[in-house]
Protein chains: 2
Amino acid sequence: MRNFNKNKFKKLIEVSSGREKADLLIKNCKIVDVYNAEIYDGHIAIVDGIIAGVGEYEADKVIDACGAYASPGFIDAHIHIESSYLSPEELGRLIVPCGTTTIIADPHEIVNVCGLDGLDYMLEASKRTALDIKMMLPSCVPATNYEHAGAIIDASAMRRPIKNEAILGLGEFMDFVGVTNATDEVLDKLMTAYENDKIIDGHCPALSGNLLNTYVSAGITTDHECSTTKEMIEKIRRGMYVQLREGSACHDLENLLEGLTTMNSRRCLLCSDDRQPKTIFEKGHLNDHLRICVNKDLDPIIAIQMATLNVAECYRLYDRGAIAPGLRADIVLLDNLANFNVNRVFIAGQEVATKDKYLLPIEKYSINKVKGRMCVKDFSKDKLKFSLKTGDVNIIDILPGGVLTAKGKAKVEISEDGDFVYNSNEDIVKIAVVERHRNTGNVAVALIRGYGIKEGAIAISIAHDSHNIIVVGVNDDDMSLAVDKLIEQAGGIVLVKDSDVIASMPMEIGGIMSSKSGEWVSETLNMIHDLAHSELKVNEEIEPLMVLTFMSLAVIPEIKLTDMGLFDVNKMKFISVEIEKDI
Amino acid sequence: MRNFNKNKFKKLIEVSSGREKADLLIKNCKIVDVYNAEIYDGHIAIVDGIIAGVGEYEADKVIDACGAYASPGFIDAHIHIESSYLSPEELGRLIVPCGTTTIIADPHEIVNVCGLDGLDYMLEASKRTALDIKMMLPSCVPATNYEHAGAIIDASAMRRPIKNEAILGLGEFMDFVGVTNATDEVLDKLMTAYENDKIIDGHCPALSGNLLNTYVSAGITTDHECSTTKEMIEKIRRGMYVQLREGSACHDLENLLEGLTTMNSRRCLLCSDDRQPKTIFEKGHLNDHLRICVNKDLDPIIAIQMATLNVAECYRLYDRGAIAPGLRADIVLLDNLANFNVNRVFIAGQEVATKDKYLLPIEKYSINKVKGRMCVKDFSKDKLKFSLKTGDVNIIDILPGGVLTAKGKAKVEISEDGDFVYNSNEDIVKIAVVERHRNTGNVAVALIRGYGIKEGAIAISIAHDSHNIIVVGVNDDDMSLAVDKLIEQAGGIVLVKDSDVIASMPMEIGGIMSSKSGEWVSETLNMIHDLAHSELKVNEEIEPLMVLTFMSLAVIPEIKLTDMGLFDVNKMKFISVEIEKDI
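Remember, it's a predicted structure, so these values are computed and weren't measured experimentally.

### A look at the relation of the copies chain A and chain B
Next, step 1: The two copies are related by a screw motion: chain A maps onto chain B through a turn of 180 degrees and a shift of 0.0 Å along the axis, at an RMSD of 0.1 Å. Read as a symmetry element, the transformation amounts to a two-fold axis. Rotation axis and chain A: the residue whose C-alpha lies nearest the axis is Thr262(A), separated from it by 3.6 Å.
Next, step 2: Both copies share a contact surface, since 100% of the interface residues of chain A are interface residues in chain B too.

Quick look at the structure:
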C-alpha cells in the first residue's frame, strides 16, 4: 500500500488542504474521471509524486495544460518486453511518450534463456526507466519437456523470487493441460502464488466448458488468448479479467470489441502481448489501442478505463489507475479523445515526455550477466546431414499466419549417403535447431515447405519458447556459416548468401534482445526483411523472421522442430523425418 | 488468498474437471452472472465449500432449485452489530435467512465500552454464526475528548490487533477534522493501517472540495454519509467507494439512487449501518435494499452487484462476490428479482437457511468478559441537583429527526437551594449523564425541551458514542431509581413511574446489547415504546429511546450533554447550564 513515512504523509495532507504549496500544478485540464466516466475541468496539484487533489491550489511550478485532456497514465496489462527486441530501458524510452506509464511484463523469454539471472537483469534494468515495470515470475520454464531451455524454474526455484516485493504475481500459466490434469508439479507452482497472496496470469486459448471451469478454479485470473467474443463472454462469466490483445503479431482487439458491453467492460483490459519498435513508431502503443476502440464507436472513457482503472483493480495496484487524491501522479495529457495524440507525460509527478520525446537521460544496466548465452558444443556442418533411405518424408508445411503448421508429406531426392538434395524447383529446404543453452551438442534437422528461400541461409536465436538457434537454408555451407556467425556475435539474426554474411543484427542480451536503440533495431529489421526477400527470395507472402521464431513452438500444432527432434504436436510425440513404413 | 492445502486444491480441480463427484449440485438455477450482468441457466457444483463450476456435474447430494434465481450471497458493506441490540450470533440468525452471507462490521460501540475485550468478544462470538463477519478495528475510541469512554485505543494500542488476520481494516474514521488537520495522533493511527496493508473506512458527511481531497489523500477509501447525489458524485470522482445507506435510523438509499449511473454503479455499495430486529422482521435485510432499488427501476443485476461483487472488490475479498469457479459457495436462491424473497441460503457450501429459518444450532460465546460494565462511583440523587442562581438557562432543544439539537434558552423556576422546579405546563425536564466506565463519579445535569415526558423517568446505557448512562425524568426520585435499577441489571433500558419500575430491558453485553433473541428484543422494545408514550407521556412525534441515544453525541450539533458537562458542539467547548451574564 503506502510506501512513505510520516513526514511525507503529513506533507501530502498539508498540501491537499491548501495549507502548503504543491510541487506542481497542472492547470486547465479536462480531467478524465474514470470512476464516473465523465470529463470535468480542473487543476491537478501534485506533491512528492502523488496527486494531492484537483481544485484551487498554489504550487512552486505551474504547467498550463491549455485545455488538454488529462488521463491517468496508461497501463499495459500484459506484455513481453523481449518481444520488442529491446532492453527494458529502451522500450521505456519508446512507449512512455505514447502515454504508457506502467506495464505488466512477463519475462519468460529471457528467463527461458538465462534463468533467474535473466529475471534479476530485467528487474534491475527496469529500475532505470521512468516507465514503471511490474514484473511477473514466469510460470512455465521450460515451456514443454520437448526441448532444452536455458533453465528449469520449478516450484522450489520459485519460492524465493515469488516473495520479492518487486514480483507482482505468477506469469501466464501456459500449461493449461497440466492445470486441468492437476499434475503435482503444477499444483506446487500454483501454491507458491497462493501462499504469497499473489495473482496468477492465464493463457488458455479456446478453453471452455468444464475445462475452463477447472482452469479458473485453480485460481487463474486473466487471459489474453480470446479469439471470439463467445470465448470472451464465457471467460468473463467465470470471473476472469479478459485482456483484449493488440500487438505486433496478434490483432484481436477490433474483433473482441463486439463482445464488450457497458456491463462487462470493467472486467476487460487492454494489452499488447508484444510490440515491435516499427509498430510503436508508426502507430504508438496503448494510445493506438484507444484509437482503435474509439473508431469502433466505443465511448472513449470506457476505452480509457480498460487501460487504467480496470488494470489497476485487476492487478491490485491500489495506488494508480485514476486521477484522484492519494494516487501516483501518473498523468498523460492528450490533445483529444479521438486521435489520443500525446502532449505530455508525467510519471510519479515528474515530467518524463513531451510529444514523441522521452526527456530523461538513460543509463542502462549492465548486460554482463545475460550476455554470451551461446553454449553450443561441437557444432559442425556434418550435423546438418540427413541419413535418409527412401526420401519419403514428413514435412513442415507453413500455413498462412505463420504460427500454425500442417504435417505434410513429400518425396524428396536423396544423395548416395542419404542426405537431402535441394531442388530449386521445389520449395523444400532444410531447417535445423541447434541447442545453445546446455552444451548438449543437440542438432535436429527437418524439412520445411513454403518458406520460399532460394539462396543462402538465415539463422536466428529467437525461437519461441526455448530460444535455441533456428537455421534454414538451401545448402549446408551457408547454413553452418550462419550458425557460426550467430554464435560469434552472441546471438540475434544472420543472413548468409554465397558464403558471405549479407546482413546481421546482433542481440547480445541473451541472444534475444538488442542493446541498441529502437530506431536502429527497426531499421536493421527492415533491412533484413528486405534482403531476406530480395536476395534470398524468401516467400513474399510471409514475414521471414516471425515465421522462423514460431517453428520451434511445440505447443502450437501441427508439427514443429525442437532441438530434440521433429515433434507431432497433436500426438505429443517425436517422429522421424523419414516416414516409417508399416510392417 | 487461498487458505487450503494441496490435497483440497487437487480435489477442487478433480471435481471441477468432472473426474470426481462434487459434494453438492444445485441444479436448475437461473444464475446471476454479476460480471456480464446477465442471467443464464445452469447447475452449480460445489466441493469443500467452494464452487467448482457451473456445468454438467455429478454430486453426492443434489438440490433442485426449480428455476430459482441463484445470486451470490449478499454482503453488507458497513454495519454496527451493536446497533441491533443483539449478539453477533443472534444477528446472524436473523439476517442469514434474508440472504446475507457476509457483513463488514465496525464494533466501535462495544469497544468504546469494553476496549479490546469487546473486540475479542466480537471476534469470538462471530465464529459461532454461519454469517461470515469481517471485523474492522475501531479507529475513533473515544469518539471525542469531551467525554469518558470505557477505553482509549490509540495508535500504539492498535498495533497488535491490526495485524490480526481476522481484522479487515480500520473502522470508519469519524475524526475527519483530525485527518484534515493532520494531527499527530491521527497520522499515527492511519500509518498502522498502511504498514499492514489494510483498508480504511471513512465517515465524512458533507465534506467537499479541498477538504474532501485531503480526507481522501489520507488513504481513506469508503464513505456511507452521503445525503445528496452531488456529494455522492464528488466522492466517487475522488476514488471513494460510496456506501448507499438504508438502515433503521437513516434512509438515504432511495434518494441516492438518483445519482447512480451504469458508469459509476460499480463503485457503489449497499449498506445498513444499523438494522434493528423489528426492521429485519418487517422488511428483511439487504434483500429489502434490493427491493427498494428495483422499485426505483434499477436493473436488478446492477443492484445485486452493489451487494456482492462491488463490495468484494472494495474490501479485497477475492474469494467471494460472484458465482464462479474457485470462489466460496455463498449462494442465495431467490424466487425472483423483484420481491427478492429468499428461498434458500448456502454459506461455504452448507445450507444454512430456508425461507425465514436459520437452520444451524446456535451455541453462543460466553459474555463474561463484556458483562457488568457498570463502574459507577458514588451515584446518588443529590448529584442530580442544580445550583442555579437566576433560572436563565441554556437548554437542549430537540429538533425533528431527533439527532440534531438546537441551543435554546429558557427562564425556569428555581427552588430556594437553586434546584430546577419541574412545571408540568412546560415541556422542560432534567437530563443527566452518569459516567459508568471509570468510576469517576461524574454526573452532568442539564435541561431538555421537547421530550414531552410528564411522568417518571427513563434511563438507558446506550448513548452514542461513549455509552454512559443517560437519564431523563420529571423528578429526582424516579430518575435516581431508574439509574440504580439500570446499574443493578447491568445496563439496558429502565422505565420508572411513581417509584416503580414499569418496564425494563436488560442489556448485559456491555450494557448495549441483549443476550436474548431478536423476537424478545423486538417485542420488549415495542412494549417500552408504547409505555413511554402511554404511561410517561413522551412526545408522540419522537422515538423515545432513539432520541436519548443521541443526546450525548458530541460530534453532532448544536448542543449535547456528556458526562463532563453541557457541550456547545459548534464552539467545541463546555458551557454552563446557567447563562452567564456579561459583566
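Next comes the rest of the description.
### Things to note about the side chain of Arg245(A)
Residue and element names in this part refer to chain A.
Next, step 1: When you line up the elements, Arg 245 lands in strand 12 (residues 241–245).
Next, step 2: A relative accessible area of 6% places Arg 245 in the buried class.
Next, step 3: Within the local environment of Arg 245, its side chain forms a polar contact with the side chain of Glu 225, the two groups lying 3.2 Å apart.
Next, step 4: Side-chain polar atoms of Arg 245 contact the side chain of Asp 273, separated by 2.7 Å.
Next, step 5: Not counting residues up to four positions away in its chain, the partners in contact with Arg 245 are His 224, Glu 225, Cys 250, His 251, Asp 252, Leu 253, Cys 271, Ser 272 and Asp 273.

### Regarding the nonpolar core
Next, step 1: Counting residues in hydrophobic clusters, the biggest one holds 364 residues, and the most contacted among them are Leu244(A), Ile458(A), Leu244(B) and Ile458(B).
Next, step 2: Not counting the four nearest positions on each side in its chain, Leu244(B) is found in contact with Met232(B), Leu253(B), Leu256(B), Leu257(B), Leu260(B), Cys268(B), Leu269(B), Leu270(B), Cys271(B), His289(B) and Met306(B).

### Some thoughts on the sheet that holds strand 28 (residues 573–575) of chain B
Residue and element names in this part refer to chain B.
Next, step 1: Pairing is antiparallel across the open sheet formed by 3 strands, whose spatial order is 26-27-28. Sheet topology places strand 26 (559–562) and strand 28 at the edges, where each strand pairs with a single neighbour. Taking each pair of neighbouring strands and ignoring which way they run, the sheet shows an average axis angle of 45 degrees.
Next, step 2: Both strand 26 and strand 27 (residues 565–568) contribute to a ladder of 4 bridges, which runs antiparallel. Note that in strand 27 the partner of Thr 562 across the bridge is Gly 565.

### Here we look at unusual backbone geometry
Residue and element names in this part refer to chain A.
Next, step 1: Residue Val 141 is joined to Pro 142 through a cis peptide bond whose omega torsion reads 0 degrees.
Next, step 2: Examined against the element boundaries, Pro 142 turns out to sit in the loop between strand 8 (132–137) and helix 5 (155–158).
Next, step 3: Residues other than glycine seldom take positive phi values, yet Asn 439 does so here, at roughly 55 degrees.
Next, step 4: In this fold, Asn 439 is placed in the loop between strand 20 (428–434) and strand 21 (443–449).
Next, step 5: You can call Asn 439 partly exposed: its relative accessible area is 38%.

### Thoughts on the interface of chain A and chain B
You'll often see interface size given as the accessible area lost when the parts meet.
Next, step 1: Taken together, the contact pairs 64 residues of chain A with 64 residues of chain B.
Next, step 2: Both faces combined, the contact of chain A with chain B buries some 5,600 Å², and carbon together with sulfur accounts for 55% of it.
Next, step 3: Along the contact surface separating chain A from chain B lie 10 salt bridges.
Next, step 4: When the shortest N-O distance is used, the salt bridge between Glu38(A) and Arg237(B) registers 2.7 Å.
Next, step 5: At the boundary of chain A and chain B, one finds 33 residue pairs in polar contact (both at pLDDT 80 or more).
Next, step 6: For the side of chain A that touches chain B, the elements supplying multiple residues, two or more each, are helix 1 (6–17), strand 2 (38–47), strand 3 (50–54), helix 6 (176–180), helix 7 (184–195), helix 8 (209–217), helix 9 (229–237) and helix 14 (309–314) of chain A.
Next, step 7: Taken together, the residues of the side of chain A that touches chain B sort by class into 29 nonpolar, 17 polar and 18 charged.

### Focus: the sheet that holds strand 12 (residues 241–245) of chain B
Residues and elements named next belong to chain B.
Next, step 1: The strand order 11-12-13 describes an open sheet built from 3 strands, whose pairing is parallel. The outermost strands of the open sheet, each flanked by one partner alone, are strand 11 (222–223) and strand 13 (268–271).
Next, step 2: Note that strand 12 and strand 13 share 4 bridges and pair parallel. Bridge pairing in strand 13 links Val 242 to Cys 268.
Next, step 3: Contacting strand 11, strand 12 and strand 13, helix 9 (residues 229–237) crosses the sheet at an angle of about 150 degrees to strand 12.
Next, step 4: Packing against the sheet, helix 12 (residues 286–295) makes contact with strand 12 and strand 13, and its axis sits at approximately 125 degrees to strand 13.

### Here's the deal with the packing of aromatic side chains
In this description, an aromatic ring pair is defined by two values, namely the gap between the centres and the angle between the planes.
Next, step 1: Summed over the entire model, instances satisfying the criterion amount to 10 aromatic pairs over all chains.
Next, step 2: These aromatic residues form a ring-pair network of at least three members: Tyr146(A), Phe567(A) and Phe574(A).
Next, step 3: Looking at Arg237(A), its charged tip hangs above the ring of Tyr40(B), at a distance of 3.8 Å from the centre.

### Considering the confidence of the model for chain A
Next, step 1: For chain A, the average pLDDT comes to 96, and 99% of its residues sit at 70 or higher.
Next, step 2: Model confidence for the complex is summarised by a pTM of 0.95, with the ipTM given as 0.94.

### A short note on the pattern of salt bridges
Next, step 1: With the rule as written, the count across this model stands at 80 salt bridges over all chains.
Next, step 2: Among the ionic contacts, a cluster of salt bridges with common partners joins Asp132(A), Lys134(A), Asp319(A), Arg320(A), Arg328(A) and Asp330(A).

### Considerations on the environment of Ile469(B)
All names here are of chain B.
Next, step 1: The topology assignment puts Ile 469 in strand 23 (residues 469–473).
Next, step 2: According to the relative accessible area criterion, Ile 469 is buried, its value standing at 0%.
Next, step 3: Each C-alpha atom of the pair Ile 469 and Thr 549 lies 9.5 Å from the other, and the pair is 80 residues apart in sequence.

### With respect to the pairing of strand 5 (residues 69–72) of chain B
Residues and elements named next belong to chain B.
Next, step 1: Bridge analysis of strand 1 (residues 22–33) against strand 5 gives 2 bridges, and the strand direction is parallel. Residue pairing for strand 5: Lys 30 is matched across the bridge by Tyr 69.
Next, step 2: Pairing between strand 5 and strand 14 (residues 331–334): 4 bridges, direction antiparallel. By the bridge assignment for strand 14, Pro 72 is matched with Ile 331.

### A word on the environment of Ala322(B)
Residue and element names in this part refer to chain B.
Next, step 1: By the secondary structure assignment, Ala 322 is in the loop between helix 14 (309–314) and strand 14.
Next, step 2: Residue Ala 322 is classed as buried on the basis of its relative accessible area of 2%.
Next, step 3: Note: C-alpha distance between Ala 322 and Thr 562 (240 residues apart in sequence) is 46 Å.
Next, step 4: Ala 322 has contacts with Val 34, Tyr 35, Ile 51, Pro 72 and Leu 327, leaving out every residue within four places of it along the chain.

About the thresholds
- Residues numbered from 1 in each chain as written.
- Chains lettered and ligands numbered in written order.
- Predicted model: local features only at pLDDT ≥ 70, side-chain atom pairs only at ≥ 80, totals over all residues.
- Heavy atoms only, no water.
- Least-squares fit on C-alpha atoms with pLDDT ≥ 70 in both.
- Contact = heavy atoms within 4.5 Å.
- Helix = DSSP H or I, 4+ residues; strand = E, 2+ residues; numbered from the N terminus.
- Buried < 20%, exposed > 50% of the residue type's maximum accessible area, 1.4 Å probe, protein only.
- Polar contact = N/O pair within 3.5 Å; in protein donor to acceptor, adjacent residues only side chain to side chain.
- Core = buried A, V, L, I, M, F, W, Y, C linked by side-chain atoms within 4.5 Å.
- Pairing = 2+ DSSP bridges.
- Axes fitted to C-alpha atoms, helices over the stretch in contact; angles between N-to-C directions.
- Buried area = accessible area lost by both parts, 1.4 Å probe.
- Salt bridge = Lys/Arg side-chain N within 4 Å of Asp/Glu carboxyl O.
- Nonpolar A, V, L, I, M, F, W, Y, C, P; charged D, E, K, R; others polar.
- Phe/Tyr/Trp six-rings, centres within 6.5 Å; stacked < 30°, edge-to-face > 60°.
- Lys NZ or Arg CZ within 6 Å of the ring centre and 35° of its normal.
- pLDDT = per-residue confidence, 0-100.

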